[in-house]
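Inside the fold
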Amino acid sequence: MNFTVKHFADEEAFMEKVGYPELRVHTGVHKSLLARVTEYNNEFQKTGKLSDAFFMFLKTWLKAHICGVDAKYGLFSKQHHAA
Ligand SMILES: [Fe+2]
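Rules and cut-offs
Residues numbered from 1 in each chain as written. Predicted model: local features only at pLDDT ≥ 70, side-chain atom pairs only at ≥ 80, totals over all residues. Heavy atoms only, no water. Helix = DSSP H or I, 4+ residues; strand = E, 2+ residues; numbered from the N terminus. Buried < 20%, exposed > 50% of the residue type's maximum accessible area, 1.4 Å probe, protein only. Contact = heavy atoms within 4.5 Å. Areas by Shrake-Rupley, 256 points an atom, 1.4 Å probe, with all protein chains shown as cover. Donors = N, O, S within 2.8 Å, 3.2 Å for Na, K, Ca; no water. Salt bridge = Lys/Arg side-chain N within 4 Å of Asp/Glu carboxyl O. Phe/Tyr/Trp six-rings, centres within 6.5 Å; stacked < 30°, edge-to-face > 60°.

This part is about the overall build of the chain. Of regular secondary structure, the chain possesses 3 helices and 0 strands. The dimensions of the chain, computed from C-alpha atoms along their principal axes, are 50 × 20 × 20 Å. Per-residue burial for the chain yields a buried fraction of 25% across its 83 residues. The long-range share in the chain, meaning contacts at least 24 apart out of those at least 6 apart in sequence, stands at 63%. As displayed, the chain offers around 6,000 Å² of accessible surface, 61% of which is attributable to carbon and sulfur atoms.

As structure tokens, this is what we get:
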């Protein structure tokens, strides 16, 4: 949880620094992901177990968000802030 919060904050700071135009949308996606992670964490705290749904969520997050949504700001940064 702590890593996720810090990671999202770092990403958002970077996107703001490079003037990424989709920052607000991306931040909204982060909030939604964080809400779901919090729910799974609460479930884990109660039961000591992580459901199959959690691992499906994690797989989707890693594939769709990092490889899709996050890659877009990386590309924007390269195109607009090339050295
Ligand atoms: Fe992200």
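A separate point is the coordination of the iron ion. Around the iron ion, the protein supplies Glu11 (OE), His26 (NE2), His30 (NE2), His65 (NE2) and Asp70 (OD) as donor atoms, at distances of 2.1 to 2.3 Å. Expressed as a motif, the donor residue spacing for the iron ion is E-x14-H-x3-H-x34-H-x4-D. With His26 in helix 2 (residues 23-47) and His65 in helix 3 (residues 52-80), this residue pair connects regions lying 39 residues apart in the sequence. Accessibility classification places His26 together with His65 in one group, the buried group.

Further remarks concern the pattern of salt bridges. All told, the structure shown has 2 salt bridges when counted by the stated rule. The salt bridge involving Asp10 is made with Lys6; its shortest N-O contact spans 2.8 Å. Here Lys6 and Asp10 lie together in helix 1 (residues 2-17), a separation of 4 residues that amounts to about one turn. Glu22 serves as the salt-bridge partner of Lys72, at 3.2 Å between the closest nitrogen and oxygen.

What follows deals with the packing of aromatic side chains. Going through the model one piece at a time under the given rule, you end up with 8 aromatic pairs. Between Phe8 and Trp61, the ring centres sit 5.7 Å apart and the planes meet at 50°, which makes this aromatic pair tilted. Placement of the pair is Phe8 in helix 1 and Trp61 in helix 3, with a sequence separation of 53 residues. The exposure class assigned to Phe8 is buried, which follows from its relative accessible area of 4%. Measuring from ring centre to ring centre gives 5.8 Å for Phe14 and Tyr73, while their planes differ by 55°; the resulting arrangement is tilted. Pair noted here: Phe14 is in helix 1 and Tyr73 is in helix 3, with a separation of 59 residues, a long-range link. On the basis of relative accessible area, Phe14 is assigned to the partly exposed category, the value being 32%. In textbook terms, an aromatic cluster arises when at least three aromatic residues are bridged by ring pairs, as seen for Phe8, Tyr40, Phe54, Phe55, Phe57 and Trp61.

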